Amino acid sequence: KGVTRCWYTYIPETAKISSEGAVPLIFDLHGYNLCAVNNANITGWARVAEKFGSVVVWPQGNMNADVTNNPCWSYGSCCCSLGEAPGPGQFPPNVETDDIGFLRQIAANVVADAL
């Protein structure tokens, strides 16, 4: 099942004028039930990127209501689940999403399109 995913990218001027050619790419992943936009506003990575000439990406975890209950990253039985827990102290059924593939695709896109 295809899922639409998104991310936000920040490329400060200090990264654009790097004489080294390559610049660090930072992934700032939000926590469970949070979102990329809020994470960008609270973590401070944009200031770090500006100071050190890095690029920051804020990817959005899976938030498709047909796939999961809350925005999340697929990380074992505790995260990214759909439906009700089968019993007390148990987690709902886990949903497998290819988050690693998603992050790799972001890196490829950022390098190809922005740097």
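Scroll up to find the structure this text is about.
Remember, it's a predicted structure, so these values are computed and weren't measured experimentally.

Tell me about the overall build of the chain, and name the residues and values.
When you go through the chain residue by residue, the secondary structure sums to 4 helices and 3 strands. Secondary structure of the chain in N-to-C order comes out as β-α-β-α-α-β-α. Within the structure as shown, the chain displays about 7100 Å² of accessible surface, and the carbon and sulfur contribution to it stands at 56%.

Can you break down the nonpolar core residue by residue, with the values?
In terms of nonpolar packing, the biggest core is built from 9 residues, these being Ala15, Val23, Val55, Val57, Trp73, Phe102, Leu103, Ile106 and Val110. Elements represented by at least two residues in this core include exactly strand S3 (55-59) and helix H4 (99-114). It is H4 that provides the largest number of residues to this core, a total of 4 residues. Apart from the residues lying within four places of it in its own chain, the contact partners of Val57 are Trp7, Tyr8, Thr9, Leu25, Ile26, Phe27, Asp28, Ile106 and Val110.

Got a sec to walk through the pattern of salt bridges? Specific residues and values, please.
Applying the stated criterion to the full structure yields 2 salt bridges. The shortest N-O distance in the salt bridge between Lys16 and Glu13 comes to 3.2 Å. On the criterion of helical spacing, the pair formed by Lys16 and Glu13 is a turn pair, its members being 3 residues apart in helix H1 (residues 13-16). Across the pair, exposure class does not vary: Lys16 and Glu13 are exposed alike.

Which residues make up the sheet that holds S3, and what are the values?
Within a sheet, each strand pairs with its neighbour through backbone hydrogen bonds, oriented either parallel or antiparallel. Pairing is mixed across the open sheet formed by 3 strands, whose spatial order is S1-S3-S2. The open sheet is flanked by strand S1 (7-10) and strand S2 (25-27), the only strands paired with a single partner. Neighbour-to-neighbour, the strand axes of this sheet turn through a mean angle of 20 degrees, independent of strand direction. Here 3 bridges tie S2 to S3, and the two strands are oriented parallel to one another. Along S3, the bridge assignment pairs Phe27 with Val57. Sitting on the sheet, helix H3 (residues 45-52) is in contact with S1, S2 and S3, with an inclination near 160 degrees to S3.

Mind laying out the side chain of Arg5, listing which residues take part and the relevant values?
Checked against the element boundaries, Arg5 lands in the segment before S1. In terms of polar contacts, Arg5 uses its side chain to reach the side chain of Asp99, at 2.9 Å. Not counting residues within four places of it along the chain, the set of residues in contact with Arg5 comprises Gln60, Gly61, Asn62, Trp73, Thr97, Asp99 and Phe102.

Cut-offs and rules
- Residues numbered from 1 in each chain as written.
- Predicted model: local features only at pLDDT ≥ 70, side-chain atom pairs only at ≥ 80, totals over all residues.
- Heavy atoms only, no water.
- Helix = DSSP H or I, 4+ residues; strand = E, 2+ residues; numbered from the N terminus.
- Areas by Shrake-Rupley, 256 points an atom, 1.4 Å probe, with all protein chains shown as cover.
- Core = buried A, V, L, I, M, F, W, Y, C linked by side-chain atoms within 4.5 Å.
- Buried < 20%, exposed > 50% of the residue type's maximum accessible area, 1.4 Å probe, protein only.
- Contact = heavy atoms within 4.5 Å.
- Salt bridge = Lys/Arg side-chain N within 4 Å of Asp/Glu carboxyl O.
- Pairing = 2+ DSSP bridges.
- Axes fitted to C-alpha atoms, helices over the stretch in contact; angles between N-to-C directions.
- Polar contact = N/O pair within 3.5 Å; in protein donor to acceptor, adjacent residues only side chain to side chain.

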